[in-house]
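Letter by letter, the chains look like this.
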Amino acid sequence: MTTIAAQMYTLREFTKTPADIAATLRKVKKLGYDAVQVSAFGKIDPKELAGILSGEGLTCCATHVSLEQLRDETARVIDEHKLWGCKYTAIGGFFPKNPRPADWPEFARGFNAVVEKYRGSGIRVGYHNHSHELVRFDGKTGLQILLDKFSAEIWMEIDTYWIQHGGGDPAAWIEKVSGRIPCVHLKDMAIGADGTQLMAEVGEGNLNWPSILSACRKAGVEWYIIEQDICQRDPFESLGISLRNAKEMGLV
């Protein structure tokens, strides 16, 4: 089984119609990927998507689903994931406008209740971080508060770029969630000529990949999902570069 997947959010400008989705998944397969994380797709019949994935020989290793869909359309979400043979989904994050310390445990309690609806379904629900969760409240980061308050059912989809962007150590956070990180987001950080932080292809930036990948192996990561929200070149080319570099680092 492959362990590397492409996060389709990277190609969101090319997945707006069923025809776009089919053509884009074909290109992703040709790049050398055998798995994808479904995210930011336009409207498509779930059965049609299942057929496209099967036809291209692509595994749907995970998805991103909105909190509202997870909460209000639980049966549909479960049925679709079973149709796709996918057992992992996650929300993209929690984004309070003017965060207060109490927001984090309050959100965790609500999210725990949503995730409880999936108990016994075979579908595991997770949380994906950005960098704002690394703001400290009374000496503790928002992400740590969430981790402390989340039920054990919730898995953590650590994003390497966003942890670094928030001033954290990606490897340390991966180690912190050992045993509950089946999927990780691999994304590099480069520094532009003007000193700004830029998203970069895996291996083309400055993250400590030997440390990160060692932590992933120890933590029990099953799927290494390559993503790049913003590309400095053609997004397909970026995904290809990241895949090549990841394989050179020993991922297969």
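See the structure printed just above.
In what follows, the accompanying structure is described.

Criteria and thresholds
Residues numbered from 1 in each chain as written. Predicted model: local features only at pLDDT ≥ 70, side-chain atom pairs only at ≥ 80, totals over all residues. Heavy atoms only, no water. Phe/Tyr/Trp six-rings, centres within 6.5 Å; stacked < 30°, edge-to-face > 60°. Helix = DSSP H or I, 4+ residues; strand = E, 2+ residues; numbered from the N terminus. Buried < 20%, exposed > 50% of the residue type's maximum accessible area, 1.4 Å probe, protein only. Lys NZ or Arg CZ within 6 Å of the ring centre and 35° of its normal. Core = buried A, V, L, I, M, F, W, Y, C linked by side-chain atoms within 4.5 Å. Contact = heavy atoms within 4.5 Å.

**Considerations on the packing of aromatic side chains**
Moving on, step 1. According to the stated counting rule, one finds eleven aromatic pairs in the structure shown.
Moving on, step 2. Relative to Y127, the ring of F107 lies with its centre 6.2 Å away and its plane at 65°, an arrangement referred to as edge-to-face. Placement of the pair is F107 in helix α5 (residues 103-116) and Y127 in strand β5 (residues 124-128), with a sequence separation of 20 residues.
Moving on, step 3. A residue is classified by how much of its surface remains accessible, and F107, at 10% relative accessible area, is buried.
Moving on, step 4. On the accessibility criterion, Y127 (0% relative accessible area) is buried.
Moving on, step 5. For the pair Y127 and F150, a centre-to-centre distance of 5.6 Å together with 55° between the ring planes defines the contact as tilted. Remark: F150 occurs in the loop between α6 (142-149) and β8 (155-157) and Y127 occurs in strand β5; sequence separation between them is 23 residues. Neither Y127 nor F150 differs from the other in exposure class; each is buried.
Moving on, step 6. An aromatic cluster is built from F94, W104, F107, F111, Y127, F137 and F150, whose rings are joined through pairwise contacts.
Moving on, step 7. The ring centre of Y9 lies 4.1 Å from the NZ or CZ of R12, which sits over that ring.
Moving on, step 8. A cation sits over an aromatic face here: K27 above F236, 4.9 Å from the ring centre.

**Some remarks on the nonpolar core**
Moving on, step 1. One finds L25, F111 and Y127 to be the most contacted residues of the largest nonpolar core, which totals 75 residues.
Moving on, step 2. If we ignore the near neighbours within four places in the chain, the residues touching L25 are M8, V36, F41, L49, I52, L53 and L58.
Moving on, step 3. Judged by nonpolar contacts, the second largest core, of ten residues, contains C61, A62, W155 and W223.

None of this, on its own, says anything about what the molecule does.
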